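Commentary on secondary and tertiary structure
The chain contents come next:
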Amino acid sequence: MDQGLLDRYGGPVPRYTSYPTAPHFHDGVGAGAYRDLLAAVSDGERLSLYLHVPFCAEMCWYCGCHTKVVRRYGPIADYVRLLEREVEMVADAIPGRPAVAQIHWGGGTPSMLSDADFAGLMALIARRFSMAPDAEVAVEIDPRTLTKEMACALGAAGVNRASLGVQDFNIAVQLAINRIQPYDMTARAVDWLRGAGIVRLNLDLMYGLPRQTVMDVLRSADLAADLGPDRLALFGYAHVPWMKRHQRLIAEDDLPGASDRFAQAEAAADMLTERGYRRIGLDHFSRADDDLAIALRAGRLRRNFQGYTADSASVLLGFGASAIGSFDNAYVQNAVPFGDYADAIRNGDFAVRRGLLRGPDDRLRGRVIERLMCDLQVDLAELAPSAGAGRPFGPERALLKPLIDDGLAALDGDRLRVTPRGRPYLRSVCAVFDTYLAGGTARHSRAV
Ligand code: SF4
């Protein structure tokens, strides 16, 4: 670990799940623009759907999601009616009946829906769109609230992938993040899901949590691998208490420093690699026969708001409060405050409140950043063949020089490569191509 590199390149940068990134969305893109974008979706397009369920049984103090705690089913049932209405409205606005290639249920805790409500929404989607025969239906699961009955209901409704939140198996860390989840509870959820036919599983782990040590992260990665998921994600905790007030419950003195975070991430990555997982991009690991590894080998790995994906759909439709959708030339986001979202849908209007229309330069830079985030390399001339006289991205090549001199990246003609030493600083290499970053006021989490 080189403290100088950490100081120079470990600072705050976006996670690049989109480009331009969400802090640059603005209120000039609203319901009218969304209506036009939907009207332009062609019948032959493959769609990806994201449904956001902004409810949880308890608040984890590290949480960075749009969610709130509910103790009764009433608000969830009301919300399901809004999602149904929104699905109908969006389907009405799209000409034809394009195929859905992927559905991702995120949150919050989607498995808090009743089995009848979940199955009802899935049936509605199948009625209003056509489902591709190979469609992936993925659900985020909180093992603390999953029941065996719900696991069976998810399988029966067509779910074929599940992602389970774990973070760390050590009780001291769990106490410090307000998420008590014994190993046996996670193992039981894995068994239930597999028993229900949901065999494609992902486990989410985190480093950089309060009171967490390298040994905790290593032990958690080892135990998680024992459960045999085909994917694991290892996210760095993003401490952003100015955006997420509940994170103030985490004592800053308990947080590991930058060098400890670096050591945790690298130790867990080595452990998972030794356990047979392939390293995918910044923070994912998958078995060689998993879709992510296959897509990586084929050069078609993608990155979207849910992270890395093998999903090839060209249009992502977001449903629910705060949900983000993407089109080739635009991003749109629904109202984040629950009441604003609910009012719009009840009034029969789309709830899109902000977004961004992507011009040619945005799309070009977005492709460069996505290839770097996925493949850790990109051919700059291949993506920008008509950049005029001289080599494309001249100013960026100058900005890359210090990273190249420090051994984090290499430029061979037009091929830019992030070196193994540079992988932890991948977001900082991508930031060189981000023209919005310098002028923005958004505060980001640290790169490492
Ligand atoms: S279960 Fe997930 S979404 Fe809910 S509070 Fe915890 S981390 Fe956030």
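In this text, all values refer to a predicted model and were calculated from it rather than measured experimentally. Residue numbers here run from 1 along each chain, matching the order of that chain's written sequence. Two thresholds apply to this predicted model, a pLDDT of at least 70 for residue-level local features and 80 or more for giving and counting side-chain atom pairs, whereas whole-chain, interface and lining totals are computed over all residues.

**Points about the overall build of the chain**
In DSSP terms, a helix is any run of H or I states spanning at least four residues, a strand is any run of E spanning at least two, and both are numbered starting from the N terminus. Within the chain, the regular secondary structure consists of 15 helices and 19 strands. A compact globule built from 448 residues would reach a C-alpha radius of gyration of about 22 Å, and the chain, at 21 Å, matches this within 12%. If one aligns the C-alpha atoms of the chain with their principal axes, the spans along those axes are about 60 × 50 × 40 Å. Exposure is read from a count of other C-beta atoms within 10 Å of each residue's own; the residue is exposed at 12 or fewer, buried at 20 or more and partly exposed in between. C-beta atoms are placed from the backbone. Counting the 448 residues in the chain, one finds 46% classified as buried. Within these notes, the globule rule equals 2.2 Å times the number of residues to the 0.38 power, and the radius of gyration is based on C-alpha atoms.

**A look at the site of the ligand**
As a structural note, the neighbourhood of the ligand is formed by Cys56, Met59, Cys60, Cys63, Cys65, Thr67, Gly107, Gly108, Thr109, Asp142 and Gly165. Only Asp, Glu, Lys and Arg are considered charged, only Ala, Val, Leu, Ile, Met, Phe, Trp, Tyr, Cys and Pro nonpolar, and every remaining residue, Gly among them, polar. Split by residue class, the shell around the ligand holds 5 nonpolar, 5 polar and 1 charged. For each residue, a C-beta position is placed from the backbone atoms; the residue is near a molecule or strand when that point lies within 6 Å of it.

**A word on the sheet that holds strand S17 (residues 377-379)**
In short, DSSP must find at least two bridges between two strands for them to pair. Read from one edge to the other, the open sheet built from 3 strands follows the order S17-S19-S18, with strand pairing classed as antiparallel. In this open sheet, the two edge strands, each paired with only one partner strand, are S17 and strand S18 (409-412). Taken pair by pair, the neighbouring strands of this sheet meet at an average axis angle of 10°, ignoring direction. Strand direction decides the pairing type here: S18 and strand S19 (residues 415-418), joined by 4 bridges, are antiparallel. Looking at the pairing, Leu411 lines up with Leu416 of S19. Docked against the sheet, helix H12 (residues 360-375) engages S17 and S19, running at close to 140° with respect to S17. Lines fitted to C-alpha atoms define the axes here, with helix axes fitted over just the stretch in contact, and angles between the N-to-C directions of these axes take values from 0 to 180 degrees. C-beta atoms are first placed from the backbone for all residues, and any pair lying within 7 Å is then listed as a contact.

**Comments concerning the environment of Gly158**
Within the secondary structure, Gly158 is located in the loop between helix H5 (148-156) and strand S6 (161-167). C-alpha separation for the pair Gly158 and Ile198, spaced 40 residues apart in sequence, amounts to 9.0 Å. In this structure Gly158 touches Met122 and Val137, once residues within four positions along its chain are discounted.

**Description of helix H7 (residues 183-195)**
Over its 13 residues, H7 runs 18 Å from end to end, which matches the ideal 18 Å to within 8%, given 1.5 Å per residue. Where H7 is concerned, the buried positions are Thr186, Ala189, Val190, Trp192 and Leu193. Mapping the buried residues of H7 onto a view down its axis gives an arc of 165°, with all of them on the same face. Of the surrounding secondary structure, the elements contacted by the buried residues of H7 are strand S5 (130-141), H5, S6 and strand S7 (200-207). Just downstream of H7, Gly197 is the residue with a positive phi angle, here 90°. Take the residue count of a helix, subtract one, and multiply by 1.5 Å to get its expected span. For this quantity, the arc is that covered by the directions from the helix axis to the C-beta atoms.

**Points about the nonpolar core**
Structurally, a nonpolar core is described as a collection of buried Ala, Val, Leu, Ile, Met, Phe, Trp, Tyr and Cys residues joined by way of C-beta atoms within 7 Å. In this structure, Leu372 and Val429 are the most contacted members of the largest nonpolar core, which totals 128 residues. Residue contributions to this core peak at 6 residues, all from helix H9 (residues 258-274). Residue ranges assigned to the domains are those given by an automatic or database domain assignment. If you count residues domain by domain, this core takes at least three from each of domain 1 (18-357) and domain 2 (360-431). Non-local contacts of Val429, meaning those with residues more than four positions away in its chain, are made with Leu372, Leu403, Leu408, Ala409, Val418 and Gly422.

**Brief notes about the environment of Ser314**
Note on placement: Ser314 falls in the loop between strand S12 (307-309) and strand S13 (315-319). Each C-alpha atom of the pair Ser314 and Cys63 lies 29 Å from the other, and the pair is 251 residues apart in sequence. The contact partners of Ser314, leaving out residues within four places of it in the chain, are Glu45, Arg46 and Asp328.

**Examining the pairing of S19**
Residue alternation in S19 divides its side chains into a buried set, Leu416 and Val418, and an unburied set, Arg415 and Arg417. The loop that links S18 with its antiparallel partner S19 comprises 2 residues; one of these, Gly413, has a positive phi angle of about 65°.

**A few points about the packing of helix H8 (residues 214-226) against H9**
H9 packs onto H8 with a crossing angle of 25° between their chain directions and a minimal axis gap of 9 Å. Taken together, the axes of H8 and H9 are roughly parallel relative to one another. Every pair of crossing elements has a handedness; the one defined by H8 and H9 is right-handed. Across the interface between the two elements, Val214, Val217, Leu218, Ala221, Asp222 and Ala225 of H8 pack against Ala263, Gln264, Ala267, Ala268, Met271 and Leu272 of H9. Of the residues that constitute the contact of H8 with H9, the class distribution is 10 nonpolar, 1 polar and 1 charged. Angle categories are assigned with fixed cut-offs, so that under 35 degrees is roughly parallel, over 145 is roughly antiparallel, 65 to 115 is roughly perpendicular, and the rest are oblique. Note: crossing handedness is left-handed where the near helix turns anticlockwise from the far helix by less than a right angle, and right-handed where it turns clockwise.

**Details of the domain arrangement of the chain**
When its domains are assigned, the chain resolves into domain 1 (18-357) and domain 2 (360-431). Between domain 1 and domain 2, the contact holds 12 residues from the first and 11 residues from the second. Within the residue set of the side of domain 1 that touches domain 2, elements represented by two or more residues are H9 and strand S11 (302-304). Here the residues of the side of domain 1 that touches domain 2 sort into 8 nonpolar, 2 polar and 2 charged.

**Comments concerning the environment of Leu356**
The residue Leu356 is located in strand S16 (residues 352-357) in this model. For Leu356, a count of 23 C-beta atoms within 10 Å gives the class buried. The spatial distance from the C-alpha of Leu356 to the C-alpha of His26 is 6.4 Å, given a sequence separation of 330 residues.

**Comments concerning unusual backbone geometry**
Note: most residues except glycine have negative phi, and most peptide bonds are trans. In this structure, the amide linkage connecting Tyr19 to the following residue, Pro20, adopts the cis form with an omega of -5°. Tracing the backbone through its elements, the reader meets Pro20 in the loop between helix H1 (3-9) and helix H2 (31-39). The omega torsion of the bond from Gly107 to Gly108 falls at 15°, within 30 degrees of zero and hence cis. As for its position among the elements, Gly108 is in the loop between strand S4 (99-107) and helix H4 (115-128). Positive phi outside glycine occurs at Arg211, with the angle close to 65°. Here Arg211 is to be found in the loop between S7 and H8.

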